[in-house]
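Here is what each chain is made of, one letter per residue.
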Amino acid sequence: MNLDDIFETGSFKHKAGFWHRLAARIEFLLNHLLIVAGVVLFWVFMIALLTSPAWMPALVNDILIR
């Protein structure tokens, strides 16, 4: 006996499939956006570290000593 056909109609399966696909796409999008944000933050930090000999003395001498 197939209980799926008794409790679930075709339109319900179609609607449930739509929401499942929509949730999967949102999850995929958020996952990749977080990955891209992490990569961007990593490279901003790396560039700040590489250029710190240029901006750190200016920060210490001009801004923090006043």
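Structure shown above.
Residues numbered from 1 in each chain as written. Predicted model: local features only at pLDDT ≥ 70, side-chain atom pairs only at ≥ 80, totals over all residues. Heavy atoms only, no water.

## Observations concerning the packing of aromatic side chains
Tallied over the entire structure, the rule returns two aromatic pairs. With a centroid separation of 5.1 Å and 70° between ring planes, the pair formed by F18 and W19 is classed as edge-to-face. For W19, a relative accessible area of 56% puts it in the exposed group. Here F42 and W43 contribute two aromatic rings whose centre-to-centre distance is 5.2 Å and whose plane-to-plane angle is 80°, an arrangement assigned as edge-to-face. Residue F42 is classed as partly exposed on the basis of its relative accessible area, which comes to 41%. (Phe/Tyr/Trp six-rings, centres within 6.5 Å; stacked < 30°, edge-to-face > 60°. Buried < 20%, exposed > 50% of the residue type's maximum accessible area, 1.4 Å probe, protein only.)

## Re a nonpolar patch on the surface
On the surface, F18, W19, L22, I26, L29, L30 and L33 cluster together into a nonpolar patch covering about 700 Å² of accessible area. Tracing the backbone through its elements, the reader meets L33 in helix α2 (residues 10-50). We classify L33 as partly exposed; its relative accessible area is 48%. (Patch = residues over 30% accessible without salt bridge, like charges linked within 9 Å, V, L, I, M, F, W, Y side chains within 5 Å. Areas by Shrake-Rupley, 256 points an atom, 1.4 Å probe, with all protein chains shown as cover. Salt bridge = Lys/Arg side-chain N within 4 Å of Asp/Glu carboxyl O. Helix = DSSP H or I, 4+ residues; strand = E, 2+ residues; numbered from the N terminus.)

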